[in-house]
Each structure stands twice: as C-alpha cells, then as structure tokens.
Amino acid sequence: MGDLLRRLTGGHGAYQGPSPEAVAHGAALQAGVLTGMVKDVMLFDAAPFSIGVETHGGTTTKLLQRNTTIPTKRSDIFTTHTDGQPMVVVHVVEAS
C-alpha cells in the first residue's frame with residue numbers, strides 16, 4: 001500500500017504529522033482557557049519530540065524524552081573526544 005501511495009503521489013508517503021483535528025481541538029481549548037470561557041483545565045507546553053545531542057561517531061545521546069513538560073532542566077556530563085581538545089561544537093538534534 002505504501003509503495004502504491006508513493007507512486008501515485010510522486011514519491012510522497014502518508015502524512016505522519018499531527019492530525020489537523022487534534023491541532024484545531026488544542027487551539028480551541030487554548031483559546032477557551034485564555035478567554036476564561038474554559039475553567040478547571042491546566043495546559044502545559046511539552047516537547048513534541050525527544051531531544052538529544054550528537055556525540056562522537058554520529059550517535060545521539062537522548063537528554064529529554066518526548067512530551068517532557070517545558071521549560072525543564074536536565075544536565076549530563078560529557079568529555080571531549082581528544083585530550084587537550086580546545087573546543088567542542090554541540091549539535092542538538094531530534095532524537096528517536
């Protein structure tokens with residue numbers, strides 16, 4: 001089925017993002033809370049995907065799990081790949 005869909009749509013697969021209905025429902029709920037029309041509901045911002053840092057060799061170390069309430073704080077200790085390394089470049093990536 002996926003191959004047929006890709007052939008018929010010029011290489012595009014099925015939509016994997018959030019459903020438009022869920023986005024509209026969330027927006028309506030947020031509007032209700034902001035205007036005071038919806039009470040007894042507390043909304044939190046959350047990370048939509050896991051977040052990590054890329055380490056030597058292209059591997060990813062996951063630091064925040066998907067749906068973690070933000071803002072949040074997390075720390076971890078990393079070392080340089082080479083002794084005496086004067087700097088590092090930190091790549092923050094979406095982690096699976």
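1. Quick notes on the overall build of the chain
Then, in step 1: The helix and strand tally for the chain stands at two helices and three strands.
Then, in step 2: In the chain, the succession of helices and strands from N to C terminus is α-α-β-β-β.
Then, in step 3: When its C-alpha atoms are laid out on the principal axes, the chain stretches across 60 × 45 × 15 Å.
Then, in step 4: Taking all contacts inside the chain whose residues are at least 6 apart in sequence as the whole, residues at least 24 apart take part in 36%.
Then, in step 5: A total accessible area of about 8,200 Å² is found for the chain, and carbon and sulfur atoms account for 59% of it.
Then, in step 6: Taking the 7 positively charged and 8 negatively charged side chains of the chain as two groups, their mean positions are separated by 4 Å.

2. Quick word on the pattern of salt bridges
Then, in step 1: Within this structure, the stated rule accounts for one salt bridge.
Then, in step 2: With a shortest N-O distance of 3.6 Å, Arg74 and Asp76 are connected by a salt bridge.

3. Description of unusual backbone geometry
Then, in step 1: Backbone torsion omega between Ile70 and Pro71 reads 5°, so that peptide bond is classified as cis.
Then, in step 2: Within the element layout of this structure, Pro71 appears in the loop between strand 2 (60-64) and strand 3 (92-95).
Then, in step 3: The backbone of Asp40 shows a phi angle near 60°, a positive value even though the residue is not glycine.
Then, in step 4: Backbone geometry at Asn67 places phi at a positive 70°, although glycine is not the residue there.
Then, in step 5: With respect to the helices and strands, the residue Asn67 is situated in the loop between strand 2 and strand 3.

4. Re the confidence of the model for the chain
Then, in step 1: On average, residues of the chain carry a pLDDT of 87, and 98% of them reach 70 or more.
Then, in step 2: Mean pLDDT values for the elements of the chain range from 76 in helix 1 (residues 2-8) up to 93 in strand 1 (residues 50-54).

5. Some thoughts on the sheet that holds strand 2
Then, in step 1: Read from one edge to the other, the open sheet built from three strands follows the order 2-1-3, with strand pairing classed as antiparallel. In this open sheet, the two strands that pair with only one neighbour each are strand 2 and strand 3. Looking at each pair of strands side by side, their axes are set apart by 45° on average, direction ignored.
Then, in step 2: Sheet topology note: the strand 1/strand 3 ladder contains four bridges and is antiparallel. Residue Gly52 lies in a different strand from strand 3, and its bridge partner there is Val93.

6. With respect to helix 2 (residues 20-35)
Then, in step 1: Between its first and last C-alpha, helix 2 extends 22 Å over 16 residues, near the 22 Å set by a 1.5 Å rise per residue.
Then, in step 2: Directly after helix 2, the chain includes Gly36, whose backbone phi takes a positive value near 85°.

7. Observations concerning the pairing of strand 2
Then, in step 1: Across four bridges, the pairing between strand 1 and strand 2 is antiparallel. Bridged to Gly52 within strand 2 is Lys62.
Then, in step 2: Where strand 1 hands over to strand 2, the hairpin turn is made up of five residues, of which Gly57 adopts a positive phi near 85°.

Definitions and limits used
Residues numbered from 1 in each chain as written. Predicted model: local features only at pLDDT ≥ 70, side-chain atom pairs only at ≥ 80, totals over all residues. Heavy atoms only, no water. Helix = DSSP H or I, 4+ residues; strand = E, 2+ residues; numbered from the N terminus. Contact = heavy atoms within 4.5 Å. Areas by Shrake-Rupley, 256 points an atom, 1.4 Å probe, with all protein chains shown as cover. Lys, Arg positive; Asp, Glu negative; His and termini not counted. Charge placed at Lys NZ, Arg CZ, Asp CG, Glu CD. Salt bridge = Lys/Arg side-chain N within 4 Å of Asp/Glu carboxyl O. pLDDT = per-residue confidence, 0-100. Pairing = 2+ DSSP bridges. Axes fitted to C-alpha atoms, helices over the stretch in contact; angles between N-to-C directions. Expected span 1.5 Å × (residues − 1).

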